[in-house]
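# Observations on the three-dimensional arrangement
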Amino acid sequence: MDEPLPRPGLTDAAWIKIVTRLDPQVLLDFCYNLERLYRLNPYLSIEYWMMPARNLIKAKWRNSSTPAEFTLESEIQVTYRQNEIRLCCCSGLKKETSLIIEPHEQGSSLTVIDDYSSRADRKDSSNLPEQADRSLQAWGAALKSFLFHYNYLRKIPAIECVIDRFWIRLSPMARRIIYLLVVITVFELVLLLVLTGVLLLK
């Protein structure tokens with residue numbers, strides 16, 4: 001990348017930066033819900049997600065962005081800092097994922113860094129290409145779209161409960177289908193209202 005490193009010392013990493021209109025503290029609170037954050041990745045099909053402690057995640061998911069749809073079952077150590085959350089993977093190719101929240105002129109920004117710098121330390125590298133996560137850009141696009149709508153939806157009472165208990169637990173494919181159905185339904189209602197208005201004017 002031509003852009004400067006988001007954090008000094010990175011030797012093998014990929015990252016994205018998302019600008020939002022959310023207040024930095026609101027964005028940080030949003031990121032604390034790590035399960036929702038990961039389920040927004042359109043390439044991840046999460047089989048189970050458990051947090052027996054605030055700093056420990058036990059999860060299993062299938063990543064369809066990898067050549068062989070790599071399935072990862074791992075413990076993830078979580079470290080919370082002032083404006084950063086680090087998730088250290090105990091297995092798999094990826095060393096850690098960092099979420100950095102910073103103020104921005106429009107509101108705030110979220111930088112997601114996937115650190116692969118431990119790759120050189122792994123003795124068995126035969127399956128590294130199959131494990132390489134290629135979903136970061138799509139995840140960033142999904143997060144940007146969701147955060148744009150979340151800026152308005154979060155003001156609706158109980159909407160986060162609906163999102164967390166129903167919407168986000170659907171598979172990525174199911175969410176896309178429901179979204180299309182909603183768009184089509186809204187379009188049909190608008191068309192019906194327009195036609196009704198035209199008939200009444202006659």
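Quick caveat: nothing in here was measured; it's all calculated off a predicted structure.

What counts and what doesn't
Residues numbered from 1 in each chain as written. Predicted model: local features only at pLDDT ≥ 70, side-chain atom pairs only at ≥ 80, totals over all residues. Heavy atoms only, no water. Helix = DSSP H or I, 4+ residues; strand = E, 2+ residues; numbered from the N terminus. Buried < 20%, exposed > 50% of the residue type's maximum accessible area, 1.4 Å probe, protein only. Contact = heavy atoms within 4.5 Å. Areas by Shrake-Rupley, 256 points an atom, 1.4 Å probe, with all protein chains shown as cover. Core = buried A, V, L, I, M, F, W, Y, C linked by side-chain atoms within 4.5 Å. Pairing = 2+ DSSP bridges. Axes fitted to C-alpha atoms, helices over the stretch in contact; angles between N-to-C directions. Disulfide = S-S within 2.5 Å. Patch = residues over 30% accessible without salt bridge, like charges linked within 9 Å, V, L, I, M, F, W, Y side chains within 5 Å. Salt bridge = Lys/Arg side-chain N within 4 Å of Asp/Glu carboxyl O. Arc of directions from axis to C-beta. Polar contact = N/O pair within 3.5 Å; in protein donor to acceptor, adjacent residues only side chain to side chain.

### Digging into the overall build of the protein
Across its full length, the protein holds 6 helices and 7 strands. Taken from N to C terminus, the helices and strands of the protein fall in the order β-α-α-β-β-β-β-β-β-α-α-α-α. Out of the 202 residues in the protein, the part that is buried amounts to 37%. For the protein, the share of sequence-separated contacts (at least 6 apart) that also reach a separation of at least 24 residues comes to 49%. Here the protein displays about 12200 Å² of accessible surface, and carbon together with sulfur accounts for 58% of that area.

### Thoughts on the nonpolar core
Ranked by internal contacts, the top residues of the largest apolar core, which has 35 residues, are Leu34, Trp61, Leu87 and Leu110. Looking at this core, the element that brings in the most residues is helix 4 (residues 136-153), giving 6 residues. Setting aside its immediate chain neighbours within four residues, leucine 34 contacts Trp49, Ile57, Val78, Tyr80, Ile85, Leu87 and Leu99.

### Overview of the sheet that holds strand 7 (residues 107-115)
Strand order in the open sheet formed by 7 strands is 1-7-6-5-4-3-2, with antiparallel pairing between adjacent strands. Taken across any chain shown, the strands that pair with only one partner, and hence form the sheet edges, are strand 1 (13-20) and strand 2 (44-53). Across the sheet, the mean angle from the axis of one strand to that of its neighbour is 20°, orientation sign disregarded. One ladder, built from 8 bridges, connects strand 1 with strand 7; its direction is antiparallel. Across the sheet, lysine 17 pairs through a bridge with threonine 111, a residue of strand 7. Against the sheet, helix 1 (residues 24-32) engages strand 1, strand 4 (71-80), strand 5 (84-89), strand 6 (96-104) and strand 7, with an angle of about 35° to strand 7. Against the sheet, helix 4 makes contact with strand 1 and strand 7, and its axis sits at roughly 15° relative to strand 1, the strand it touches most.

### Describing the state of the cysteines
Tallied over the entire structure, the rule returns 0 disulfides. Considering cysteine sulfurs only, cysteine 88 is the nearest to cysteine 89, which forms no disulfide, with 6.7 Å between them.

### Considerations on the side chain of glutamate 35
Here glutamate 35 lies in helix 2 (residues 34-39). Apart from the residues within four sequence positions on either side, glutamate 35 is in contact with Trp49 and Arg169.

### Examining a nonpolar patch on the surface
Together, Val182, Val186, Val190, Val194 and Val198 make up an exposed nonpolar region whose accessible area comes to about 390 Å². One can find valine 190 in helix 6 (residues 172-201).

### Concerning helix 1
Three or more residues of helix 1 are buried, namely Leu27, Leu28, Phe30 and Cys31. With its buried residues spanning 160° around the axis, helix 1 presents them on a single face. Where the residues of helix 1 are buried, they touch strand 1, helix 2, strand 5, strand 6, strand 7 and helix 4. Structurally, the start of helix 1 carries an N-cap: the backbone nitrogen of glutamine 25 is 3.0 Å from a side-chain oxygen of aspartate 23.

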